[in-house]
Amino acid sequence: MISNPRRRELYSLANGMATFSVCRNNDIDGYWSLGILTSYAERVSAKEIKVLVCPNVELPEPLSAYQHNLKARFERNSMHLLRLVDRIEAVFQFENLEEVHVRGIWYRVSCIVSITDDFGKTRSVSASQNCFRHNPKYERQSNRIG
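These notes cover the structure that comes with them. All values reported here derive from a predicted model rather than from experimental measurement. (Residues numbered from 1 in each chain as written. Predicted model: local features only at pLDDT ≥ 70, side-chain atom pairs only at ≥ 80, totals over all residues. Heavy atoms only, no water.)

### What about the pattern of salt bridges?
Definition in use: Salt-bridge detection follows one rule: a side-chain nitrogen of Lys or Arg within 4 Å of a carboxyl oxygen of Asp or Glu. Helix and strand definitions follow DSSP, with helices as H or I runs of at least four residues and strands as E runs of at least two, each counted in order from the N terminus. Think of it in three bands: with a 1.4 Å probe and only protein chains considered, a residue is buried below 20% of the maximum accessible area for its type, exposed above 50%, and partly exposed in between.
Under the counting rule described, the total for this entry stands at six salt bridges. The residue E42 makes a salt bridge to R133 at a minimum N-O spacing of 3.0 Å. Taken together, the residues E42 in helix α2 (residues 33-43) and R133 in the loop between β6 (122-131) and α5 (136-143) connect sequence positions 91 residues apart. The class of E42 is partly exposed, set by a relative accessible area of 29%. The shortest N-O distance in the salt bridge between R123 and D117 comes to 3.0 Å. Sharing partners across several salt bridges, the network here consists of R7, D117, D118 and R123.

### Things to note about the sheet that holds strand β5 (residues 104-117)
We count it as follows: A strand pair is defined by DSSP finding two or more bridges across the two strands. Fitted lines through C-alpha atoms give the axes, limited to the stretch in contact for helices. The angle between two N-to-C directions lies from 0 to 180 degrees. In this description, contact between two residues means that some pair of their heavy atoms is separated by no more than 4.5 Å.
Pairing is antiparallel across the open sheet formed by four strands, whose spatial order is β3-β4-β5-β6. Each edge of the sheet is formed by a strand with only one pairing partner; in this case those strands are β3 (48-54) and β6. Pairs of neighbouring strands in the sheet enclose a mean axial angle of 20°, with direction left out of account. Contacting β4 (85-100), β5 and β6, helix α1 (residues 10-22) runs over the sheet at an angle of about 20° to β6.

### A short note on the pairing of β5
For β5, a buried count of 10 out of 14 residues is recorded, marking the element as mostly surrounded by other parts of the structure. In terms of strand pairing, β4 meets β5 through 14 bridges, oriented antiparallel. Bridge pairing in β5 places V100 opposite G104. Where β4 hands over to β5, the hairpin turn is made up of three residues, counted between the paired strands. Relative to β6, β5 runs antiparallel, the two sharing 10 bridges.

### Section: the packing of aromatic side chains
Spelled out, the test is: Note on ring pairs: Phe, Tyr and Trp rings are taken, using the six-membered ring of Trp, and paired if centres are within 6.5 Å. Classes follow the plane angle, with under 30 degrees stacked, over 60 edge-to-face and the rest tilted. Here, a charge over a ring is recorded when the distance from Lys NZ or Arg CZ to the ring centre is within 6 Å and its angle to the ring normal is within 35 degrees.
Tallied over the full model, the rule gives four aromatic pairs. Ring centres 6.5 Å apart and planes at 85° place the aromatic pair F94 and Y107 in the edge-to-face group. With F94 in strand β4 and Y107 in strand β5, this residue pair connects regions lying 13 residues apart in the sequence. By relative accessible area, Y107 is classed as buried at 7%. Seen in terms of ring centroids, W106 and F132 are 4.5 Å apart; in terms of plane orientation they differ by 55°. Their pairing is tilted. Of the two residues, W106 is situated in strand β5 and F132 in the loop between β6 and α5; the sequence distance between them amounts to 26 residues. On the basis of relative accessibility, which here comes to 16%, the residue F132 falls in the buried class. Directly above the ring of W32 sits R24, whose terminal nitrogen or CZ lies 3.8 Å from the centroid.

Here you go:
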């Protein structure tokens, strides 16, 4: 039985989405999605990337893969909450922390997820993580250790 959705639960949904966006369990083709998004941001010289999750819009790769992962993760468990949602946007901000000789730039990546309900009220939550850009050559080598 599905209970009636409560708008106050949308903050928890935003929190779950922001946390999932930077966690290591969120992958694209077997690689950490945050590293892939960081690599994309470097490639397009962006300090900030916006991903509109809802309503559905067509995005370039790897943004569309991230959009798909986020929807797949939360549509099943939060369907009753998503009925209240007009817009979900994830904004990734990339801050250079330091240059590391072997791997490149070490970034502080923040993800701010904003959910706007059908009454126009927005709830925003952020989560952060440090990471390097995705480098399949380096990652294949490090996976062989052990």
